[in-house]
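# Analysis of the macromolecular model
These are the residues of each chain, in order.
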Amino acid sequence: MTTSEWASLDNLFTSVLHSEDDVLRAARESADAAGMPPIEVSAQHAKLLSLLVRMSRARRVLEIGTLAGYSTIALARAVGEGGTVVTLEFEQRHAEVAGQNLERAGVADKVEIIVGAALDSLPTLQQRGESFDLVFIDADKENNVSYVEWAITLGHPGTVIVVDNIARSGRVLDPAPDDAQATAIRAMFDMMGADPRLDTAAIQTVGTKGWDGFAVALVR
Ligand code: SAH
Ligand code: DHB
Ligand code: MG
């Protein structure tokens, strides 16, 4: 099969399963209109994030990497009455577009967007005494080892950690010396495999995002 066939089948799933409503579609299109990169999760991945939140009964969700808030909407819709999402975003402009999308989705009251480098914001969350039931890591891959460590620190036994973009068209297999992202993802797997506090699965995917994947871990 070719990448266009992967995308076509993904689009069929999204169509017949009604996975992307007008609000999510508008969020995806708003990123494009604002000149932001088209790197939000696929409709199917967003739905899976929603299901993971609901299956784990997560009420407090942390996201690292907001972009236009596509995945944030999926997470916020799933946390239920009284649930909340904190999402960390480096770019002020991305946070503004996300804020508009969260308003349109009717979930702005459940979501706190914190603008700044995630590694600066995460200690603030610790100082606040925050604890999260599910953490979605989807920002600068170079810091993934630190982000997983923070997810454990800010989590508890039973916290679910999801990490996006773990295959990068296979570049993670044997990262080129100048490929800092793939190198960091590889280091993250070494760390996750060695850390007795984590139980982890790594799932490769094909679809509208080409060949990539995500990891799901449970904090023991
Ligand atoms: N989760 C989003 C996509 C996120 S794309 C979705 O699926 O809809 C990655 C985002 O991480 C970008 O918006 C980028 O600006 C942000 N980012 C990059 N480096 C960051 C950092 N150090 N701290 C916080 N956010 C960062
Ligand atoms: C990139 C980042 C992402 O989070 C993603 O889902 C796809 C691509 C990137 O930086 O290229
Ligand atoms: Mg991603």
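Residues numbered from 1 in each chain as written. Chains lettered and ligands numbered in written order. Predicted model: local features only at pLDDT ≥ 70, side-chain atom pairs only at ≥ 80, totals over all residues. Heavy atoms only, no water.

## Overview of the coordination of the magnesium ion (ligand 3)
What counts, and what does not: Ligating atoms shown are N, O and S within 2.8 Å of the metal, or 3.2 Å for Na, K and Ca, and water is not included, meaning a site may look less than complete. Segments assigned H or I by DSSP are reported as helices when at least four residues long, segments assigned E as strands when at least two residues long, and all are numbered from the N terminus. Buried, partly exposed and exposed residues are distinguished by accessible area as a fraction of the type maximum, computed with a 1.4 Å probe on protein chains only: under 20%, between the cut-offs, and over 50%, respectively.
The coordination sphere of the magnesium ion (ligand 3) contains the protein donors Asp138 (OD), Asp164 (OD) and Asn165 (OD1), at a distance range of 2.0 to 2.2 Å. Counting the intervening residues between successive donors of the magnesium ion (ligand 3) yields the motif D-x25-D-N. In this pair, Asp138 is assigned in the loop between strand 4 (134–137) and helix 7 (144–153) and Asn165 in the loop between strand 5 (160–164) and helix 8 (180–194), connecting sequence segments 27 residues apart. Residue classification places Asp138 among the buried residues on the basis of a relative accessible area of 14%.

## Let's talk about the site of ligand 1
This is how the line gets drawn: To be near a molecule or strand, a residue needs just one of its heavy atoms within 4 Å of it. Think of a polar contact as two N or O atoms within 3.5 Å of one another; within protein, one of them needs to be a possible hydrogen donor and the other a possible acceptor, and neighboring residues in sequence only count if both atoms come from side chains. With residues, only the protein chains shown are counted as cover, and all accessible areas are computed by Shrake-Rupley using a 1.4 Å probe. Gly is put with the polar residues, along with every residue not named as nonpolar or charged; the nonpolar set is Ala, Val, Leu, Ile, Met, Phe, Trp, Tyr, Cys and Pro, and the charged set is Asp, Glu, Lys and Arg.
Around ligand 1, the surrounding shell holds 22 residues, and the nearest of these are Gly65, Ser71, Glu89, His94 and Asp138. Asp140 places a side-chain nitrogen or oxygen 3.3 Å from a nitrogen atom of ligand 1. Within the complex, 90% of the 580 Å² of free accessible area of ligand 1 lies under protein. Mapped by element, the contributors of at least two residues to the shell around ligand 1 are helix 4 (70–78) and strand 2 (84–89). Tallied by class, the residues present in the shell around ligand 1 amount to 11 nonpolar, 5 polar and 6 charged.

## Re the pairing of strand 5
For the record, the criterion: Paired strands are those between which DSSP finds at least two bridges.
A large share of strand 5 lies buried, amounting to 5 of its 5 residues. Residues of strand 5 alternate between two faces, with Val160, Val162 and Asp164 on one and Ile161 and Val163 on the opposite face, all of them buried. As defined by bridge partners, strand 4 adjoins strand 5 across 4 bridges and the pair is classed as parallel. Among the inter-strand pairings, Leu134 is bridged to a residue of strand 5, identified as Val160.

## With respect to the site of ligand 2
Put simply, the test is: Of the grid points, spaced at 1 Å and generated over the protein atoms alone, those admitting a 1.4 Å probe that cannot get out make up cavities, while open sets with protein on both sides within 12 Å along at least five of seven lines make up pockets; any residue with an atom within 4 Å of a point is treated as lining. Being in a pocket or cavity means that more than half of the molecule's atoms lie within 2 Å of its grid points.
Taken together, Ile39, Asp138, Lys141, Asp164, Asn165 and Arg168 make up the full set of residues near ligand 2. Take Lys141: an N or O atom from its side chain is 3.0 Å from an oxygen atom of ligand 2. Taking Asn165, its side chain carries an N or O atom lying 2.8 Å from an oxygen atom of ligand 2. Considered on its own, ligand 2 offers 290 Å² of accessible surface; in the complex 71% of this is hidden by protein. Under a 2 Å grid-point criterion requiring more than half of the atoms, the pocket assigned to ligand 2 is the largest pocket. Of the residues that constitute the shell around ligand 2, the class distribution is 1 nonpolar, 1 polar and 4 charged.

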